Amino acid sequence: SEVAISFILLIGAGLLINSFLHLRNVDPGFRAEKALTMKIVLSEVRYADKEQRGVFYRELIRRVETLPGVISAAVATNLPLTETGNSVGVSIEGRADPAPDRVPIVITRIISPRYFETMGIPLLKGRAFTEEDKADSPSVIVISETTARSFWPGEDALGKHLKVGSPSNNENKWLTVIGMVKDVRQFELVIEPKP
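About the cut-offs
- Residues numbered from 1 in each chain as written.
- Predicted model: local features only at pLDDT ≥ 70, side-chain atom pairs only at ≥ 80, totals over all residues.
- Heavy atoms only, no water.
- Helix = DSSP H or I, 4+ residues; strand = E, 2+ residues; numbered from the N terminus.
- Expected span 1.5 Å × (residues − 1).
- Polar contact = N/O pair within 3.5 Å; in protein donor to acceptor, adjacent residues only side chain to side chain.
- Phe/Tyr/Trp six-rings, centres within 6.5 Å; stacked < 30°, edge-to-face > 60°.
- Buried < 20%, exposed > 50% of the residue type's maximum accessible area, 1.4 Å probe, protein only.
- Core = buried A, V, L, I, M, F, W, Y, C linked by side-chain atoms within 4.5 Å.
- Contact = heavy atoms within 4.5 Å.
- Pairing = 2+ DSSP bridges.

Provide a residue-level description of unusual backbone geometry, including the pertinent values.
The phi torsion at Lys34 lies on the positive side, around 55°, for a residue other than glycine. Relative to the elements of secondary structure, Lys34 occurs in the loop between α1 (2–24) and α2 (50–65). Even without a glycine there, the phi angle at Arg114 is positive, about 75°. With respect to the element layout, Arg114 can be found in the loop between β2 (105–108) and α3 (115–119).

Spelled out as structure tokens, the structure:
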């Protein structure tokens, strides 16, 4: 019985090492080396509207980028591999409304300019966000390669349009695809990237 238990422990250890080696070879889609992250929660009383929060974050980025040794800084609603994030249903321009259980779902992140550069996420096509992409400028979006493959297979996604919610929802604007980045594993390394 001792030999049998030892044999089971050896098999378990071998499987654990194999899983660890497999995970080390998975590309998360971003570069974590030399990166420092932190979570900032703003008071809803002091920063009641989007404009106030935007001013705070722009000033924060400006100040952080002036610190010695900092190459770039950015903000995002959620970081990869934190098991949090917003998932929303989207409409694709030119396509009929799908049945409620067939609505395409995407994982969303609201990010600042230079986020992709700061996180080491490669831009594959088009352009990333810039300081000129503001609330009063045309509504734009950067998508992942899985999103492009899922929604526009065999087509160039640049210039295509998405909308959060149904096409008949006039509150949300159509977003123009301006860029495509490499897939990032948002929740776990063992789960394939989702749109």
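Quick rundown of α2? Include the residues and the values.
Here α2 is 16 residues long and its end C-alpha atoms lie 22 Å apart, about the 22 Å a rise of 1.5 Å per residue gives. Two or three places before Glu51, at the start of α2, stands the capping residue Asp49, its side-chain oxygen 3.2 Å from that residue's backbone nitrogen.

Just give me the short version of the packing of aromatic side chains, but keep the residues and values in it.
Remark: the centre distance and the inter-plane angle together describe each pair of aromatic rings, the angle taken between the planes. Tallied over the entire structure, the rule returns 4 aromatic pairs. Consider the rings of Phe56 and Tyr57, whose centres lie 5.4 Å apart with planes at 80°: the pair is edge-to-face. With relative accessibility at 24%, the residue Tyr57 sits in the partly exposed group. An angle of 70° between the planes, with centres 5.7 Å apart, marks the rings of Tyr115 and Phe116 as edge-to-face. The exposure classification of Tyr115 matches that of Phe116, with both residues buried.

Explain the nonpolar core to me, using residue names and the numbers behind them.
Judged by nonpolar contacts, the single largest core of 13 residues is most densely connected at Ile141, Ile143, Phe151, Trp152, Ala157, Leu162 and Val177. Counting residues per element, the ones that place at least two in this core are β1 (86–92), β4 (140–144), α4 (145–151) and β6 (175–181). With 3 residues, the top contributor of residues to this core is β6. Once residues lying within four places of it in the same chain are set aside, the contact partners of Phe151 are Val90, Ile92, Arg95, Pro104, Val106, Leu162 and Pro195. In this structure, Phe30, Tyr115, Val181 and Val184 belong to the second largest nonpolar core, which totals 11 residues.

Hey, could you go over the pairing of β1 for me, with residue numbers and the actual values?
Across 4 bridges, the pairing between β1 and β2 is antiparallel. Within β2, the position partnered with Asn86 by the bridge is Thr108. Direction of pairing for β1 relative to strand β5 (residues 161–164): antiparallel, over a ladder of 3 bridges. When the sheet's bridge partners are listed, Val90 is paired in β5 with Val164.

Any details on the environment of Ala76? Residues and values, ideally.
For Ala76, the position within the fold is in the loop between α2 and β1. A relative accessible area of 28% places Ala76 in the partly exposed class. Not counting the four nearest positions on each side in its chain, Ala76 is found in contact with Ile110, Ile111 and Tyr115.

Could you give an account of the environment of Leu60, with specific residues and numbers?
In this fold, Leu60 is placed in helix α2. The class for Leu60 is partly exposed, based on a relative accessible area of 23%. Between the C-alpha atom of Leu60 and that of Ala74, which follows or precedes it by 14 residues, the distance is 9.1 Å.

Just distances and angles here, no functional claims.
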